[in-house]
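The lines below spell out each chain.
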Amino acid sequence: GENVEQHPSTLSVQEGDSAVIKCTYSDSASNYFPWYKQELGKRPQLIIDIRSNVGEKKDQRIAVTLNKTAKHFSLHITETQPEDSAVYFCAADSNYQLIWGAGTKLIIKP
Amino acid sequence: GAVVSQHPSRVICKSGTSVKIECRSLDFQATTMFWYRQFPKKSLMLMATSNEGSKATYEQGVEKDKFLINHASLTLSTLTVTSAHPEDSSFYICSDNTGELFFGEGSRLTVL
């Protein structure tokens, strides 16, 4: 079955710098890769997603890249702000369900 | 997007009691809902998929008799934690299955 690995588990960046979170997956049939942001004690919220027919997608300060050959996808956040502090989860679809990464705690240092 | 409402947000109960968590789809008809469990600082773990009008599909290792799931209508799915024990304490969260997942607010269960 699908396995999703996410790195790093914790990422600390200076406010204004960029943050990159990486995920790898094992099922070559996966074709949908969402990223979720979860603030402490709250529900996960979709921030960006990408499908396998696209290599990159951008939405303001957030971008996702996908390399299907290498089976990895990454979340890029530019010009980080304090409100970006949260736990970020990647996921990949497999057999009509999402397989989740372990999460990355992003800390924005002032 | 879809709106999913979950209740209660927090519940504290004694060992041995049962707790029901409700998940409602407010602006769409949900034939399928997902139920997740999340331990502190951990990822979401899919427990089961509820199916309107039929039995839920449980993930491997999840006790069906312990976590009763009912999806009696197109707008309501419920999770009942039966004979709760302290190890059942967790954050339980539901989501829809409309493609882009919309999550309920989550329910933090504490079993004393």
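Everything quoted here is computed from the prediction, not taken from an experiment.

Q: Is there a simple way to explain the overall build of chain A in this structure?
A: In terms of regular secondary structure, chain A is built from zero helices and eleven strands. Going residue by residue from the N terminus, the α and β elements of chain A occur as β-β-β-β-β-β-β-β-β-β-β. Over its C-alpha atoms chain A spans a radius of gyration of 13 Å, differing by no more than 12% from the 13 Å that the globule rule assigns to 110 residues. Projecting the C-alpha coordinates of chain A onto the three principal axes gives extents of approximately 40 × 30 × 20 Å. Buried residues in chain A amount to 43% of all 110 residues. Nonlocal contacts in chain A, meaning residues at least 24 apart in sequence, comprise 53% of its contacts between residues at least 6 apart. Total accessible area computed for chain A in this model is approximately 5800 Å², and 47% of it derives from carbon and sulfur atoms.

Q: Got a minute to help me understand the pairing of strand E11 (residues 104–109) of chain A in this structure?
A: Look at any regular strand and the pattern is simple: side chains alternate between the two faces of the sheet. Residue and element names in this part refer to chain A. Side-chain alternation along E11 places Thr 104, Leu 106 and Ile 108 on a buried face and Lys 105, Ile 107 and Lys 109 on a face that remains uncovered. Summarising the sheet, strand E2 (residues 10–14) and E11 pair through five bridges and their orientation is parallel. Across the sheet, residue Thr 10 finds its bridge partner in E11, namely Lys 105. Direction of pairing for strand E9 (residues 86–94) relative to E11: antiparallel, over a ladder of three bridges. Note that in E11 the partner of Ala 86 across the bridge is Leu 106.

Q: I'm lost on the state of the cysteines in this one. Help?
A: Every disulfide links exactly two cysteines, by a covalent bond between their sulfur atoms. Residue and element names in this part refer to chain A. Scanning the entire structure with this criterion turns up two disulfides over all chains. The disulfide that involves Cys 23 links it to Cys 90, with 1.9 Å between the sulfurs. Between Cys 23 and Cys 90, the disulfide has an S-S torsion of -100 degrees and is therefore left-handed. With Cys 23 in strand E3 (residues 19–25) and Cys 90 in strand E9, this residue pair connects regions lying 67 residues apart in the sequence.

Q: Explain the packing of aromatic side chains to me, please; I cannot follow it from the model alone.
A: Geometry of an aromatic ring pair is reported as the spacing of the ring centres plus the angle between the planes. Counted by the stated rule, this structure contains twelve aromatic pairs over all chains. On the basis of an interplanar angle of 50 degrees and a centroid distance of 5.8 Å, the ring pair of B:Tyr36 and B:Phe103 is categorised as tilted. In this pair, B:Tyr36 sits in strand E4 (residues 32–38) while B:Phe103 sits in the loop between strand E9 (90–96) and strand E10 (107–111), placing the two residues 67 residues apart along the sequence. Each of the two residues, B:Tyr36 as well as B:Phe103, counts as buried. By way of ring pairs, the aromatic residues A:Tyr36, A:Phe89, A:Trp100, B:Phe34, B:Tyr36 and B:Phe103 are connected into one cluster.

Each value, and the rule that gives it
- Residues numbered from 1 in each chain as written.
- Chains lettered and ligands numbered in written order.
- Predicted model: local features only at pLDDT ≥ 70, side-chain atom pairs only at ≥ 80, totals over all residues.
- Heavy atoms only, no water.
- Helix = DSSP H or I, 4+ residues; strand = E, 2+ residues; numbered from the N terminus.
- Rg over C-alpha atoms; globule rule 2.2 N^0.38 Å.
- Buried < 20%, exposed > 50% of the residue type's maximum accessible area, 1.4 Å probe, protein only.
- Contact = heavy atoms within 4.5 Å.
- Areas by Shrake-Rupley, 256 points an atom, 1.4 Å probe, with all protein chains shown as cover.
- Pairing = 2+ DSSP bridges.
- Disulfide = S-S within 2.5 Å.
- Phe/Tyr/Trp six-rings, centres within 6.5 Å; stacked < 30°, edge-to-face > 60°.

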